[in-house]
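Geometric and topological summary
Each chain, written out:
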Amino acid sequence: MENDKARHQEYMREAISLSNVKMLEGYGGPFGAVIVRNGVVIARGYNKVLHTHDPTAHAEVEAIRSASKTLGTHDLSDCDIYASSEPCPMCLGAIYWARLKKVYYGNPHQEAARIGFDDSFIYEELEKPVAQRHIPMEQLLPQEAIKAFELWQQKEDKQAY
């Protein structure tokens, strides 16, 4: 049991180290993540928002992309993720889609908010009806768009995920 705790701390220290080193190198905010499968680090990610000009280039998303490529699958249900900070709403969504087994995190979201990474407005927006959200949303061509869903339902060789 104590050995497990030491291993978990080792993985978290790697995520924290990535957050520090890559932030100081100018890649983006102070966020790092590692994905572990069967006791082996299979992927690393760090915030690359400033470096890539990609607002989705968060540490957890980058680690998930790397792990999926390494393993050749979108299903990471036998993997754990260690993130230097509690995942934001986007990253949490990606974690659920990837089916990661467990999330370990360092800083709570309140600490991220304290240094300027406040996601509370996103959570608040998700609670609002579509018509009341800050960014206007308008449905267009639902009769045409539904055809892709109908084709998917009829597709005999589809792979659910």
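An account of the accompanying structure is given in this report.

Calculation rules
- Residues numbered from 1 in each chain as written.
- Predicted model: local features only at pLDDT ≥ 70, side-chain atom pairs only at ≥ 80, totals over all residues.
- Heavy atoms only, no water.
- Helix = DSSP H or I, 4+ residues; strand = E, 2+ residues; numbered from the N terminus.
- Buried < 20%, exposed > 50% of the residue type's maximum accessible area, 1.4 Å probe, protein only.
- Lys, Arg positive; Asp, Glu negative; His and termini not counted.
- Charge placed at Lys NZ, Arg CZ, Asp CG, Glu CD.
- 1 Å grid on protein atoms, 1.4 Å probe; cavity = no way out; pocket = protein on both sides within 12 Å on 5 of 7 lines; lining within 4 Å.
- Points joined across faces, edges and corners; volume = space filled by probe spheres on them.
- Nonpolar A, V, L, I, M, F, W, Y, C, P; charged D, E, K, R; others polar.
- Polar contact = N/O pair within 3.5 Å; in protein donor to acceptor, adjacent residues only side chain to side chain.
- Contact = heavy atoms within 4.5 Å.
- Patch = residues over 30% accessible without salt bridge, like charges linked within 9 Å, V, L, I, M, F, W, Y side chains within 5 Å.
- Areas by Shrake-Rupley, 256 points an atom, 1.4 Å probe, with all protein chains shown as cover.
- Salt bridge = Lys/Arg side-chain N within 4 Å of Asp/Glu carboxyl O.
- Core = buried A, V, L, I, M, F, W, Y, C linked by side-chain atoms within 4.5 Å.
- Pairing = 2+ DSSP bridges.
- Axes fitted to C-alpha atoms, helices over the stretch in contact; angles between N-to-C directions.

Some details on the overall build of the protein chain
Per the secondary structure count, the protein chain includes seven helices and four strands. Put simply, the protein chain runs from its N terminus to its C terminus through helices and strands in the order α-β-β-α-α-β-α-β-α-α-α. Counting only C-alpha atoms, the protein chain reaches 55 × 40 × 30 Å along its principal axes. Taking all 161 residues of the protein chain together, the buried fraction comes to 30%. The distance from the centre of the 18 positive side-chain charges to the centre of the 23 negative ones in the protein chain is 5 Å.

Considerations on the layout of surface pockets
With a probe scaled to a water molecule rolled over the atoms, the places where space remains empty come into view. By volume, the largest pocket amounts to about 440 Å³. Contributing to the lining of the largest pocket are 23 residues, with F31, H58, C88, F117 and D119 lying nearest its centre. Elements represented by at least two residues in the lining of the largest pocket include exactly α3 (59-71), α4 (89-98), α5 (109-114) and α6 (120-127). Here the lining of the largest pocket takes three residues from α4, the largest share from any one element. Its residues placed into classes, the lining of the largest pocket shows 13 nonpolar, six polar and four charged. By volume, the second largest pocket is sized at about 250 Å³. Surrounding the second largest pocket, F121, I122, E125, L126, R133, H134, I135 and M137 form its lining. Residue composition of the lining of the second largest pocket, by class: five nonpolar, one polar and two charged.

Remarks on the side chain of E125
Within the secondary structure, E125 is located in helix α6. Polar contacts involving the side chain of E125 include one to the side chain of K128, which spans 2.9 Å. Beyond its immediate sequence surroundings of up to four residues, E125 is in contact with R133, H134 and I135.

What about a nonpolar patch on the surface?
Judged by side-chain polarity, L92, Y96, Y123 and L126 come together as a nonpolar surface patch covering roughly 430 Å² of accessible area. Relative to the assigned elements, L126 resides in helix α6. Taking the relative accessible area as the measure of exposure, L126 reaches 54% and is therefore exposed.

Here we look at the environment of D157
Locating D157 in the fold gives a position in the segment after α7 (142-154). For D157, a relative accessible area of 60% gives the class exposed. Among the polar contacts made by the side chain of D157, one reaches the side chain of K155 at a distance of 2.6 Å.

Observations regarding the environment of T70
Residue position: T70 is located in helix α3. The class of T70 is exposed, set by a relative accessible area of 51%. For the pair T70 and Q143, spaced 73 residues apart in the sequence, the C-alpha separation amounts to 39 Å.

Observations concerning the nonpolar core
By size, the foremost hydrophobic cluster in this structure holds 15 residues, and its most contacted members are I35, I64, L76 and L100. Top contributing element to this core by residue count: α3, with four residues. Excluding anything up to four places from it in sequence, L76 contacts I35, I64, A67, S68, L71, A98, R99, L100 and K101. Of all hydrophobic cores here, the second largest spans eleven residues; its members include Y11, A15, V34 and Y104.

Observations concerning the sheet that holds strand β2 (residues 40-46)
Taking strand neighbours across the sheet as the criterion, the four strands line up as β2-β1-β3-β4 in an open arrangement whose pairing is mixed. At either margin of the open sheet sits one strand with a lone partner, and together these are β2 and β4 (102-107). Taking each pair of neighbouring strands and ignoring which way they run, the sheet shows an average axis angle of 15°. Note that strand β1 (residues 32-37) and strand β3 (residues 79-85) share five bridges and pair antiparallel. What sits directly across from A33, in β3, is A83.

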